[in-house]
Amino acid sequence: MEADGFVRRRRMTAETTGNDPGVAGASAGAEVRWLGGRFWGVSESIVGSLTPRIGGETELQNVNFVCGAQDAQTEDSEPDYEGLPQGASTSTHMLAGAVAGIMEHCLMFPIDCVKTRMQSLQPDPAARYRNVMDALRRIIATEGVLRPLRGLNATAIGAGPAHALYFASYEKLKKTLSDVIHPGANSHLANGAAGCVATLLHDAAMNPAEVVKQRMQMYNSPYRGVLDCVRAVCQKEGAAAFYRSYTTQLTMNVPFQALHFMTYEYLQELLNPHRQYNPSSHMLSGALAGAVAAAATTPLDVCKTLLNTQESPALSSSGQSQGAHRHISGLSHAFRTVYRLGGLQGFFRGVQARIIYQVPSTAISWSVYEFFKYGLTKRQHDKRKMQHSEAES
């Protein structure tokens, strides 16, 4: 069944009108080599080994697309990375997702620091910035060149397992739900539902790291490091403080991820209808999907930041520091506080920084994820082909 499906896909791709397989293969190979050298410092020889073998290469010219399933398995053809081998897909998705998540968060961390500060409701006069570039210049000039990276280690520790769960559950649920809702075709409803469920697992793993990261990103943060921040939060507010914003995070991320995945999959249908490995389409689709989702969910992100940081000026201004409730807790409480201190404009604090962060962030995440997923799948495919050849001999 697996080989038969593989042959049908290859035949459909080869018979599409107006396509030049030689040009397609050369273009895809050039894109992978350029991306490997530009972003990851991978040598051309290594990246070349992972380059997708799209129609046009010598071995594919000799493939007989109407041969039987057994013959198709023995040909040196392209691995179907959208349909991973049975039993290995989960580990492949988890490893690719973990690498993608760590790179996404680490490369864009300085912009994330600016976003957190610009979402402050009662910022110190020295921490009031005109725009993203002004914020970066002033932070580096007054607090040191490494200050925008404070809290990066907490994010890196949390991003690996969080994104491994995120991508693995999404891919598994997307396939399962699509087979039920719209067998044999892509389903936007399945994509959105899979994104929502994947978010539950992602945020459960990532929320404590978000709390530590954002507290260390704030202006005049009193914490010496990650462990000091964890100890201080546990002693003063209890372990539950690490999940105070969990429901708000879910309220924000469920629509964010639903919009994100649905937009990404829709754009992939337009730009990459055969779902081959295509770096430029993955990057463009990821960037646009991130921009749409980020703009729509900024008000909830402002509330999440307030719940995570519990910034003292905001607590004082809202009368919480002396009252029965010494902390802002819950989405409705955060929503009222943001509106009281900033009005409707307060819900869009840092929207520019959030979009600037999300556009390259989601582009990097999807590009790296698809790159590693293809490479790992190709390795599995070659290993299985070698075992099949040894069995025949």
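If you're wondering where the values come from, they're calculated on a predicted model, not measured in any experiment.

How each quantity is defined
Residues numbered from 1 in each chain as written. Predicted model: local features only at pLDDT ≥ 70, side-chain atom pairs only at ≥ 80, totals over all residues. Heavy atoms only, no water. Helix = DSSP H or I, 4+ residues; strand = E, 2+ residues; numbered from the N terminus. Buried < 20%, exposed > 50% of the residue type's maximum accessible area, 1.4 Å probe, protein only. Contact = heavy atoms within 4.5 Å. Areas by Shrake-Rupley, 256 points an atom, 1.4 Å probe, with all protein chains shown as cover. Core = buried A, V, L, I, M, F, W, Y, C linked by side-chain atoms within 4.5 Å. Axes fitted to C-alpha atoms, helices over the stretch in contact; angles between N-to-C directions. Parallel < 35°, antiparallel > 145°, perpendicular 65-115°, else oblique. Nonpolar A, V, L, I, M, F, W, Y, C, P; charged D, E, K, R; others polar. Expected span 1.5 Å × (residues − 1). Bend = angle between axes of the 7 residues up to and from the residue. Salt bridge = Lys/Arg side-chain N within 4 Å of Asp/Glu carboxyl O. Polar contact = N/O pair within 3.5 Å; in protein donor to acceptor, adjacent residues only side chain to side chain.

A separate point is the overall build of the chain. Each helix and strand counted, the chain has 17 helices and zero strands in total. Looking at the 393 residues of the chain, the share that counts as buried comes to 50%. For the chain, long-range pairs separated by at least 24 residues make up 77% of all intrachain contacts whose partners lie at least 6 apart in sequence. For the chain, the computed accessible surface area is about 18,200 Å², with 60% contributed by carbon and sulfur atoms.

Along the polypeptide, V180 turns up in helix α9 (residues 152–181). By relative accessible area, which is 65% here, V180 ends up exposed. Remark: the alpha-carbon pair of V180 and A190, spanning 10 residues in sequence, is separated by 8.9 Å.

Moving on to unusual backbone geometry. A positive phi angle is found at N220, which is not glycine, with a value near 60 degrees. Within the secondary structure, N220 sits in the loop between α10 (188–217) and α11 (226–237). Accessibility expressed as a relative area gives 57% for N220, which makes it exposed. One non-glycine residue, Q310, lies in the positive phi region at around 50 degrees. Summarising the element assignment, Q310 is placed in the loop between α14 (298–309) and α15 (312–317).

Time to look at the nonpolar core. Ranked by internal contacts, the top residues of the largest apolar core, which has 27 residues, are V114 and W366. For this core, the secondary structure elements donating two or more residues are α6 (89–107), α7 (109–118), α8 (132–143), α9, α10, α12 (246–271) and α17 (351–392). With six residues, α17 is the largest single contributor of residues to this core. Judged by nonpolar contacts, the second largest core, of 11 residues, contains A154, V212, V226 and A232.

Our next topic: the packing of α7 against α8. Direction vectors running N to C along α7 and α8 enclose 100 degrees, while the axes themselves pass 10 Å from each other. Relative to α8, the element α7 is oriented roughly perpendicular. Facing P110, I111, V114, R117 and M118 of α7, the residues of α8 in contact are V132, A135, L136, I139 and E143. Taken together, the residues of the contact of α7 with α8 break down into eight nonpolar, no polar and two charged.

Our focus in this paragraph is α9. An ideal rise of 1.5 Å per residue puts 44 Å on 30 residues; α9 measures up with 41 Å between its terminal C-alpha atoms. The axis of α9 is deflected most strongly, by about 30 degrees, at A159, and proline P161 appears within four residues downstream.

So, about the pattern of salt bridges. Oppositely charged side chains may form a pair once their charged atoms are brought near each other. Inspection of the entire model under this criterion finds 18 salt bridges. Across the pair D134 and R130 runs a salt bridge, and its minimum N-O distance is 3.4 Å. A salt bridge links K378 to D382; its shortest N-O distance comes to 3.0 Å. In this pair, K378 and D382 both sit in helix α17, four residues apart, roughly one turn of the helix. A residue is classified by how much of its surface remains accessible, and K378, at 5% relative accessible area, is buried. Put simply, D112, K115, E210, K213, D301, K304 and R354 are held in one network by salt bridges that share partners.

The next subject is the side chain of S221. Along the chain, S221 turns up in the loop between α10 and α11. Accessibility expressed as a relative area gives 15% for S221, which makes it buried. A distance of 2.9 Å separates the side chain of S221 from the backbone oxygen of R215, its partner in a polar contact. Each residue touching S221, except ones within four places of it in the same chain, is listed here: R147, R150, R215 and M216.

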